[in-house]
Amino acid sequence: MKKFDPSEAIQDLKQFGEYGDVNPSITDSATYTFLEAKTMVDTFQGEEEGCFLYSRHWNPSNKYLADALAAMDCTESAWVTASGMAAITNAIMQICSHGDHIITSITTYGGTFAFLKNYLPKFNIEVSFVNIDDLESVQAAIKHNTRLIYTETMTNPMLQVSNIPVLAKMADKAGIKLMVDNTFTPMIVSPARLGAHIVVYSLTKFVNGKNDCVAGAICADAGFINSLSDVNTGTSMLLGPVLDPMRSSSILKNMHTLHIRMQQHSKNALYLAEAFQKEGVNVTYPGLPMHKNHQLMKEMMNQDYGFGGMIAIDMTTAERANRFMELMQAEGVGYLAVSLGYFKTLFSNSGKSTSSEVPQDIQEAMGMSEGLVRFSVGLDQNIEKTFQRILKCAKSCQN
Ligand code: PLP
C-alpha cells in the first residue's frame, strides 16, 4: 500500500478565517441568517449544501475540526461530538435498529462494554462478545441480522491488536460494517485505509492531549456522515450531542502538534517497556517483539509514529497495584487518574476503574489480572529518570 502520512494530510489543509486569520474564527452563534426564505426551505430538505442552519445540525468551527479529522483518517467526511461515548453510541444507533445483531470484541473500553451489554438490550439489539484475536469465532458469529462488527484498534486495557484488514474483508463479504475505535492509536494506524467503514474516537485522549475537555469524532464516507445529521432520521441531529465550537477550535489547534506528541509518547513507552522487560517485570506493550500481535501491528501501522503510548504491567493483586500507584504519585511519576493521552503520565488499576463495568468473571476470561496497572506514558524529556522512580516504587511493593 502507498505510504500515507496523516500529519502531512493535516499540514496540507488550507484552513483560515474570513479575515485571513491563521486560526479559523470561532463561530459564536447557535443560528444563522438566510437572505432568501427559499434557501432555508431547501436546506431543511437537504437540497442545499454549504449553508449553515443551526449549530446542533452543523457549525463552521466543528466543520474545520471534522475536515482535519477526515484528512488525518483519509475518510471522505467526519462528524464531531461532545464526547467519545457520543461518537460511539451515535454511530452504532445510526446503523442498528430493533432486532439487529452486533459482534464486538469482548475487550473494549468499559463504557462501550456497558452500552453494548446493558443498554442496547432495551432496544432488542443483540450483542455477541468474541475474542477479536480468534477470527474464526468472529466469522462464526455472523448471522442473517448482523449489521456490525465492532472493535478497537488496540483494545483497552489488554492492548490486543485487531486484525483490521481481515475483519474488513469479513464485513465486506457479509455486507455489514466494520467500526473501529482508534482512540489509542491516532496517526499510528489509519483504520479506514485498512478497510474499516467507520472510525470513532474519543478526542478527549491523545488527539486533544490536554485533558481540558471531553470530545469525540466519527470518520466515515460522506453518505454515512450526512445520514447522522438528517433532520428527520439522523441520530446526532435528533439526540443532539453537539460539540461546543469553542472546544472544537482549541482541539483543532492541538491536532497540529499531535504527530510530535505521538512520537514522544511512543518513544517513552517503548523505553519503559524494554526497561521493565529487562528487570523481569510482567509488561504488555505491542512494541515488544514478544507481544503476540507485534508483527500484525507492524504490518498495519504508518511509519514514524511508533507503537503508541499505552503500556500495562501486572502487579498481580489489586492491593499491590494500589500501593504501587500511590507511591508513584508521591514520587512524581505522574497522576493516579483515569483517562489517557495527557502530557503527564497517568496510571490506573483497570479492573477497578475504567473496566469496572466488566464483570469479574469476564475480566478473568479475558486474562485481565486484578493487579493490572495501565499506564498512559507522558511526554517526559528524561524518561530514564522516570523509569528509576517507577522501579523504586515497584521494588518497595514486592513484599
Ligand atoms: N474509547 C476508548 C478507547 C476510551 O478509553 C474511552 C474513554 O476512556 C472512550 C472511548 C470514551 O470517551 P469519552 O470519555 O470521551 O466519552
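Our structure's up above, just so we're on the same page.
Residues numbered from 1 in each chain as written. Predicted model: local features only at pLDDT ≥ 70, side-chain atom pairs only at ≥ 80, totals over all residues. Heavy atoms only, no water.

Peer 1: Just give me the short version of the packing of helix H3 (residues 60–73) against helix H10 (residues 245–255), but keep the residues and values in it.
Peer 2: What describes two packed helices is the angle between their axes and the distance between those same axes. The N-to-C vectors of H3 and H10 enclose an angle of 35°; their axes lie 8 Å apart at closest approach. Relative to H10, the crossing made by H3 is left-handed. For the pair H3 and H10, the contacting residues are Ser 61, Asn 62, Tyr 64, Leu 65, Ala 68, Leu 69 and Met 72 in the first and Pro 245, Ser 248, Ile 251, Leu 252 and Met 255 in the second. For the contact of H3 with H10, the class distribution of residues is nine nonpolar, three polar and no charged. (Axes fitted to C-alpha atoms, helices over the stretch in contact; angles between N-to-C directions. Helix = DSSP H or I, 4+ residues; strand = E, 2+ residues; numbered from the N terminus. Left-handed = near helix turned anticlockwise from the far one by under 90°. Contact = heavy atoms within 4.5 Å. Nonpolar A, V, L, I, M, F, W, Y, C, P; charged D, E, K, R; others polar.)

Peer 1: Pulling in residues and values, what's your account of the sheet that holds strand E10 (residues 334–336)?
Peer 2: Pairing is mixed in the open sheet, where five strands are placed in the order E8-E9-E12-E11-E10. Two strands lie at the open edges of the sheet, namely strand E8 (283–284) and E10, each paired on one side alone. Where strand E11 (residues 345–349) meets strand E12 (residues 372–376), four bridges bridge the pair, whose relative direction is antiparallel. When the bridges of E12 are listed, Leu 346 appears paired with Ser 376. Along the sheet, helix H11 (residues 258–278) contacts E8 and strand E9 (310–314); its crossing angle with E9, the most-contacted strand, is approximately 20°. (Pairing = 2+ DSSP bridges.)

Peer 1: Give a description of empty space enclosed by the protein that names residues and reports values.
Peer 2: Per the counting criterion, the structure on display carries one cavity of 30 Å³ or more. In this structure, the largest cavity encloses a volume near 40 Å³. Surrounding the largest cavity, His 57, Trp 58, Asn 59, Asn 62, Trp 79, Val 80 and Val 242 form its lining. For the lining of the largest cavity, a count of residues per class yields four nonpolar, three polar and no charged. (1 Å grid on protein atoms, 1.4 Å probe; cavity = no way out; pocket = protein on both sides within 12 Å on 5 of 7 lines; lining within 4 Å. Points joined across faces, edges and corners; volume = space filled by probe spheres on them.)

Peer 1: Let's hear about the site of the ligand: which residues, and what values?
Peer 2: Not every one of the 15 residues close to the ligand is listed here, only the nearest: Met 85, Asp 181, Ser 202, Thr 204 and Lys 205. At 2.9 Å, a backbone N or O of Gly 84 approaches an oxygen atom of the ligand. Between an oxygen atom of the ligand and a side-chain N or O atom of Asn 156, the distance comes to 3.1 Å. Expressed as a share of its isolated accessible area of 390 Å², the protein-covered part of the ligand is 92%. Tallying contributions element by element places helix H4 (residues 84–95) first for the shell around the ligand, with three residues. For the shell around the ligand, the residue count by class is six nonpolar, six polar and three charged. (Near = heavy atom within 4 Å. Polar contact = N/O pair within 3.5 Å; in protein donor to acceptor, adjacent residues only side chain to side chain. Areas by Shrake-Rupley, 256 points an atom, 1.4 Å probe, with all protein chains shown as cover.)

Peer 1: Account for the side chain of Asn 62, with residues named and values stated.
Peer 2: Tracing the backbone shows Asn 62 in helix H3. Asn 62 has contacts with Val 80, Val 242, Leu 243, Asp 244, Pro 245 and Ser 248, leaving out every residue within four places of it along the chain.

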